[in-house]
Amino acid sequence: MRKILKIFGMSIMVLLVGCSQEGDVTLGQNENKFILGDDVSGDMISENELSQNELPLNEVSENEMLEITYYIEPDDIINFDVAFETYWGSMYDAPREVAVGDYNDNFPTELQDILIYCNDDIKDERDDYWMQYEADCEEITSKNAGDIPYEEICAAAYKQPNSCLWVLDIDGDGNNEYAVPGLIGTGQYGSSLTIVKYVDDKWTQIGGHNVLDSTGCMEILNYDNKFYLLMGEILSCWNNDTEIPNLSYWENDPVLGQDPCWNELEIVKTVTNYTPYEMYSNTQEDSFDYLENINWETIEDINAERVNLNLSTWITNSINFELCYGWEKFNDDEQYLYVVARSYYERTSREEHDGVLTVLHQTDNGMWEIVKSYYLAANYDIKLVLREN
């Protein structure tokens, strides 16, 4: 016999005589009957009315079940951790299809390849190709700064005086500039790189980027004696066709890096569809296709109605999921709940675009079990776009 734990919205209130209009009514579970929960006070409905509203499931019409909401916490799922123990491996190992558009004439083809490899979310040996062009920059610290105004440069970059400085001539004028790396927040949220130059007798910022991806590349590359900044989804270099602006320009520059002085090439991803990869299975049933009728462009069953999830997240020690939406599916006399979710732990591109599909079934004691869990790898169209200043 099916047992279903649901919370019905305001539409079920039409069954009650003299009920208050305030709040939702929670339905408990008693075999195949729904019973009004304890949160309904005596002044809302009499004891006699309560017994009259103990309704078998099959006596509740479809019109009276307009709003169905599930409230399921990880502790309500008997095999939650087991079902997702391979999640992190799946995140990095799941294959995906990537289509790349035209390359840009302003940047070397090899570096555009590297920009793509670092952002296609495909884990392979190409992720380290940037090392072929890694710039050999002198590193300056407070201990070996010598006559270099180390603290002034750190202050200009808004970095702590324990930062390291990388020496480079980014604009090719024969004078050194300094790249100052840093962390965003405690480092979990990403990294930053600030370029500082001596302009009109003052050290000031002339460029830089933030990488909000905790695993994104932040590297300085050297190609044919010209420096390039590989910063997450952006590849930038100094525009030699422009003159170096004066100090007032930089002090009033609202967005560093997005200036005529810089050429910036950006990765723009468009998700085309998703490929599911099974992470976990708790069934030997081969006759039922759990993924039948799912549209992989939108991740939804074309024959099912969505249900509400009265919980925004699943939070555990090993993984946190943001719950997006769900739907119900029936196979003979069995009911399954499908939940689409995204992880939000590392703030990576994979987490932004990929997802997880979980299929749950309720047990006889009212707990839930995961029947299937799938890692959903996003397939991309990638464009290389020259950012406009």
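Before reading further, recall that the structure is shown in the block above.
Cut-offs used in this document
Every residue gets a number counted from 1 within its own chain, in the order that chain's sequence is written. In keeping with the predicted nature of the model, local features appear solely for residues at pLDDT of at least 70, side-chain atom pairs appear and are counted solely at 80 or more, and the whole-chain, interface and lining totals rest on all residues. Heavy atoms from the whole structure form the basis of all side-chain values; hydrogens and water molecules are not counted. Burial here depends on accessible area, computed with a 1.4 Å probe over protein chains only, as a share of the maximum for the residue type. Under 20% is buried, over 50% is exposed, and the range in between is partly exposed. Starting at the N terminus, helices and strands are each numbered in turn, a helix being any DSSP run of H or I of at least four residues and a strand any DSSP run of E of at least two. When DSSP locates at least two bridges between a pair of strands, those strands are taken to pair. The term nonpolar core refers to a set of buried residues drawn from Ala, Val, Leu, Ile, Met, Phe, Trp, Tyr and Cys, joined through side-chain atoms within 4.5 Å. Whether two residues touch is decided by their heavy atoms; if any such pair falls within 4.5 Å, the residues are in contact. Each salt bridge in this description consists of a side-chain nitrogen of Lys or Arg and a carboxyl oxygen of Asp or Glu lying within 4 Å of one another. In this analysis an axis means a line fitted to C-alpha atoms, helices contributing only their contacting stretch, and an angle means the value between N-to-C directions, from 0 to 180 degrees.

A separate point is the pairing of strand 9 (residues 177-183). A large share of strand 9 lies buried, amounting to six of its seven residues. Inspection of the sheet shows strand 8 (residues 165-168) paired to strand 9 by three bridges, in the antiparallel sense. Its bridge partner being in strand 9, Trp-166 is matched across the sheet by Ala-179. Sheet analysis places strand 9 next to strand 10 (residues 191-199), joined by six bridges and oriented antiparallel. In the strand pairing of strand 10, Leu-183 is matched with Ser-191.

This part is about the nonpolar core. Core analysis: the biggest nonpolar cluster contains 37 residues, and Tyr-228, Leu-230, Tyr-290, Trp-296, Tyr-338 and Leu-357 have the highest contact counts within it. Take this core: its biggest share by element is seven residues, from strand 23 (residues 368-386). With residues near it in sequence (within four places) discarded, Leu-230 still touches Ile-114, Leu-115, Cys-118, Trp-130, Cys-217, Met-218, Glu-219, Leu-221 and Leu-235.

This part takes up helix 4 (residues 109-117). Within the span of helix 4, buried status applies to Leu-111, Gln-112, Ile-114, Leu-115, Ile-116 and Tyr-117. Structurally, helix 4 contributes buried residues whose contacts are with strand 6 (98-100), strand 12 (218-223), strand 13 (226-231), strand 14 (234-238), strand 15 (262-281) and strand 23.

Mapped onto the secondary structure, Asn-119 falls in the loop between helix 4 and strand 7 (138-140). Asn-119 has contacts with Gly-232, Glu-233, Ile-267, Lys-269 and Ile-382, leaving out every residue within four places of it along the chain.

What follows deals with the pattern of salt bridges. In total, this model carries 13 salt bridges according to the counting rule given. Of the charged contacts in the structure, one is a salt bridge between Asp-121 and Lys-269, with a shortest N-O distance of 3.1 Å. Taken as a pair, Asp-121 in the loop between helix 4 and strand 7 and Lys-269 in strand 15 lie far apart in primary sequence, 148 residues in all. Here the two residues Asp-121 and Lys-269 agree in accessibility, since each one is buried.

Let us now look at the sheet that holds strand 9. Spatially, 7-8-9-10-11 is the arrangement adopted by the five strands of the open sheet, whose pairing is antiparallel. Looking along the sheet, the strands with just one partner apiece sit at the ends: strand 7 and strand 11 (202-211). On average, each strand axis in the sheet is inclined to that of its neighbour by 30 degrees, with strand direction left out of account.

With that settled, the discussion passes to the pairing of strand 13. The two faces of a sheet get side chains in turn, since along a regular strand they alternate between them. Among the six residues that make up strand 13, five are buried, leaving the element largely enclosed by the rest of the structure. The pairing of strand 12 with strand 13 spans six bridges and is classified as antiparallel. If you follow Met-218 over to strand 13, its bridge partner there is Met-231. Hairpin connection of strand 12 to strand 13: two residues between the antiparallel strands, including Asp-224 at a positive phi of 55 degrees. Pairing analysis gives four bridges linking strand 13 to strand 14, with the strands arranged antiparallel. Across the sheet, Leu-230 pairs through a bridge with Leu-235, a residue of strand 14. Counting the residues in the hairpin turn of strand 13 and strand 14 gives two residues, including Gly-232, whose phi is positive at 60 degrees.

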